[in-house]
Amino acid sequence: MASPSDSLHAAIAVTRFGLGARPGELAAVARDPRGWLLDQIRAGGADQPQAAPESAAKRLQDFRVYRMDRREARRAEAGETPPDRDPVRIAARMIREGPAVDFLARARLAATTAAGFRERWALFWANHFTVSGVKLVTATVAGPFEQEAIRPHVFGRFADLLTSATMHPGMLLYLDQAQSAGPDSQAAQVLKRPPRAAERIGLGGGLNENLAREILELHTVGVAAGYSQADVTELARALTGWSIGGPREAEDRQGRFVFRPATHQPGARTVMGRIYADDGALQAGAILKDLAAHPATARHLAHKIARHFTADDPSPALVGRLEAAWTGSGGDLAVVARALVEAPEAWQPAPAKFKTPYEFLVSSWRAIGGQPAAIEHLAPPLTALGQRPFSPPSPKGWDDLAPTWAAPDAVVKRLAWAQQFSAAVAGELDTDAVASGALGARLSPAVRTAIARAESREEALSILLMSPEFQRR
Amino acid sequence: MTRTDLNRRRLLAAGGALGLSVGFMGGPALARDRGRRKLVVVLARGAMDGLSATPPVGDPDYAGLRGRIAIPADRALKLDDTFALHPALAHVHALALRGQARIAPATASPDRARSHFEAQDVLESGAAVVYGTASGFLNRALAAMPGGRGDGLSVGATAPLILRGPVQTASWSPGAAGEGSPRLPAILADLYAGDPLLGPALARGLQTEAMAEAAMQGVAAPLAGATGGGVQGLVRQGQGVARGIGQTVAGFMRQTAGPDIVSISVDGWDTHANQGAVEGQLANRLLYLDALLAGLHEGLGDAWADTVVVVATEFGRTARINGTGGTDHGTGSTAFVLGGALKPGGIIGDWPTLRPAALFEGRDTRPTLDVRGLFKGVLRDHMGVDRAALDRDVFPDSAGVAPVGGLV
């Protein structure tokens, strides 16, 4: 029999570090809550939602075919093909279905995994390196990006995760890197000669600083590190040439990272006071390595991790511990994850984090021991609650603060969803047992009583899902 | 404004909660006047390109800097010898011709970091420095309104910083909340009694839900089926949605217990690549914005005469076209001020020109107007917030930033 403190620790381990308890999980974890968390940290990285997913390269090739078809269909006379036979419509539907398959698989993994901490850790890093599906082309690769660039590296070195995320075609497209070219590169010189040739063949022939800025501001040192506009421009110049293989290139380059020496800005670059010799593709790689190792990156990420896992305004002691673990290990994310689990500040009994809509839905399925069966169970409610699948509003990713998610309208819509969900699933459930199984020692007497007094199972389950303690972690 | 006035407002609120009709309660016109003036703030998130939204087509350097993304003078909607509106902004242009829309073409917040997130924080918090305060300036403006606290409404599924703070505001987003057990709200209200986050949010949300039904009366549903396929179909569909949102927000504002200040966010302005000119990515966002403003204007009816709408963005974009047919993060951008309460006039603030020497750090539109001054002018002259409160509470440490006078 677990002691009262073990029961509370189990509830914290499973709800705060993990994604919520499935029936029976709290009792099993209560034997050793810390050990349960530490065992989820593994060199191989996070779990993969799909065993044999479509690759980003395949999706990008399909997307290019679709775009060519669309152009041809526009040229041809319209109205001859019935809409249900229109190849362009069929392709467009396929492109929509890919992301739906990806997202459903990811939510089903979250709803069923026995390693909830590992999955939360992966979701944190996927959000840190946001590739949002707000553009049609990036919508097709947001899922593959997570599988290929993020999940394998979440317990490895941060430098490797940064490099893999930055080089992935998803990121190169989302932050407009793929077309960026050095103003003095060979390609730009050639394109400039006959006026407006660049325009005719659809190439910009110039610099785009979007990715460079977000690497500095969001992915590594953070805006407080005091870099300048010149640093942004210099990093953007170093990154020129990092691109994606096009349809006329060799099969093994299509839709994959390629380095184009012809668009690379020649010369040495200076970023945050360090000089980098021109080394082709390796020049930007060397800068990324130094940015990953920069003390400001350790500080920035320690704070962000502490805020995500414990409180909107996290304890400075916890931030300090994580920063020390980061610095001491050279950015080994497994060491940082262990430091988080072992930090006493992370185990404060009061749940301080308000669940995001995704966390709320996933933990609801976990509470009843179920999982979503179709994208229709996910996309409409998540969109209504402000978290449309794979579509964070900006490169900063989903917000991590309670006031953002607890808007009055959102709380009413959570209630509406809880009622629909309960009506669909409450059936024969023993709702008292569901409540204990989901919250364990965190279930308050007031909520327990309200659930016991409910006039139907649907009402009881809605009360549980909307209770202050279930809305938080 | 007097204390009686404040008490009357509370009484009105209590009447609303009890389901009493306000007409039944009668009373002097003063109370009606108190809640009559309205402010809508539209935030264009992602850095709206002012040089495309309100192109200075008469500036001799404009076409050269902009290359193929320049808005041709013969396609732009003319405002004066220098400025025009993007052709997508037809409704705004019609208002401008009637003196009910003006532009502030070289505006910026005090932030200069060219980071979206830092700049949005500064714009919305109203602080002079980043992360200077955790509440939004519109929330503090509500607290400082004459005759007691005003009411605020944000549109969208998440709560924007600009309206966050001690004054509990409402939020609304399209999509029905649905029918459910009538007992649940009361049960949850009990369970949330000691919960500072969920208690006020649920109470306010349920109240707003009731208002939404009235607000949406007469709003035509967007005719999604009738728009045809492809990108242009989606754009037209988006315009229909935007117009419906504008009309619904107007429906909230027209109600007796309706909000004094509304904030709406429109995102998608971060046009680093292929932003287009007369048509394209940016034009589509401007069509959406124009439809939203048209919906507000139409929906407000007579109340338009008492309304001011400000459209602002966190910063502008580079004056030069970049290497990928877009523009990168810049500094000064444009702001719009619209409404029936507006006094006619030319551009707000000075135009620094696009001469090479005039560009900020050699690359951006040089800001000549602090956006806080613009908001201060509107909050003082239209909403009646006093200068001392503006300088100290609404925009901390901003005594040096003068309100822009003469807008209303």
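Residues numbered from 1 in each chain as written. Chains lettered and ligands numbered in written order. Predicted model: local features only at pLDDT ≥ 70, side-chain atom pairs only at ≥ 80, totals over all residues. Heavy atoms only, no water.

Side note on the side chain of Glu 359 of chain A
Residue and element names in this part refer to chain A.
Logical step 1: Along the chain, Glu 359 turns up in helix 18 (residues 357–368).
Logical step 2: By relative accessible area, which is 11% here, Glu 359 ends up buried.
Logical step 3: Residues within four places of Glu 359 in sequence aside, it is in contact with Arg 120, His 308, Phe 354 and Arg 473. (Helix = DSSP H or I, 4+ residues; strand = E, 2+ residues; numbered from the N terminus. Buried < 20%, exposed > 50% of the residue type's maximum accessible area, 1.4 Å probe, protein only. Contact = heavy atoms within 4.5 Å.)

Describing the packing of aromatic side chains
All names here are of chain A.
Logical step 1: Applying the stated criterion to the full structure yields 27 aromatic pairs over all chains.
Logical step 2: Plain terms: the ring middles of Phe 17 and Phe 117 are 5.9 Å apart, the flat faces sit at 85 degrees to each other, and that makes the pair edge-to-face. Residue Phe 17 is located in helix 1 (residues 4–17), and its partner Phe 117 is located in helix 6 (residues 116–128); the two are separated by 100 residues in the primary sequence. Phe 117 carries the same exposure label as Phe 17, and that label is buried.
Logical step 3: Ring centres 6.3 Å apart and planes at 35 degrees place the aromatic pair Phe 17 and Phe 309 in the tilted group. Here Phe 309 lies in helix 15 (residues 295–309) and Phe 17 lies in helix 1, a separation of 292 residues in the sequence.
Logical step 4: Given the relative accessible area of 1%, Phe 17 is considered buried. (Phe/Tyr/Trp six-rings, centres within 6.5 Å; stacked < 30°, edge-to-face > 60°.)

Regarding the confidence of the model for chain B
All names here are of chain B.
Logical step 1: Across chain B, the average pLDDT comes to 86, with 87% of residues at 70 or higher.
Logical step 2: Note that pLDDT drops below 50 for residues 1–34; the model gives that stretch 27 contacts with residues more than four away or on any other chain.
Logical step 3: Of the regions scoring below 50 in pLDDT, residues 223–228 engages in five contacts with residues more than four places distant in sequence or in other chains.
Logical step 4: Quick note on the complex model: pTM equals 0.82, ipTM equals 0.89. (pLDDT = per-residue confidence, 0-100.)

Digging into the pairing of strand 8 (residues 307–313) of chain B
Logical step 1: When you tally the buried positions in strand 8 of chain B, you get seven out of seven residues, the bulk of the element.
Logical step 2: Residue alternation in strand 8 of chain B divides its side chains into two sets, Thr 307, Val 309, Val 311 and Thr 313 of chain B and Val 308, Val 310 and Ala 312 of chain B, and both sets are buried.

Thoughts on the interface of chain A and chain B
Logical step 1: If you look at the interface, chain A gives 54 residues, while chain B gives 52 residues.
Logical step 2: When the two sides are added together, the surface that chain A and chain B hide from each other amounts to roughly 4200 Å², 59% of it contributed by carbon and sulfur.
Logical step 3: Linking chain A with chain B are four salt bridges, by the criterion used here.
Logical step 4: Note that Arg 472 of chain A and Asp 195 of chain B form a salt bridge whose closest N and O atoms lie 2.7 Å from each other.
Logical step 5: Linking chain A to chain B there are 19 residue pairs in polar contact (both at pLDDT 80 or more).
Logical step 6: Secondary structure elements with two or more residues in the side of chain A that touches chain B: helix 12 (210–219), helix 20 (402–405), helix 21 (408–425), helix 23 (445–452), helix 24 (457–466) and helix 25 (468–471) of chain A.
Logical step 7: Per element, the largest residue contribution to the side of chain A that touches chain B is nine residues, and it comes from helix 21 of chain A.
Logical step 8: Class assignment for the residues of the side of chain A that touches chain B results in 26 nonpolar, 14 polar and 14 charged. (Buried area = accessible area lost by both parts, 1.4 Å probe. Salt bridge = Lys/Arg side-chain N within 4 Å of Asp/Glu carboxyl O. Polar contact = N/O pair within 3.5 Å; in protein donor to acceptor, adjacent residues only side chain to side chain. Nonpolar A, V, L, I, M, F, W, Y, C, P; charged D, E, K, R; others polar.)

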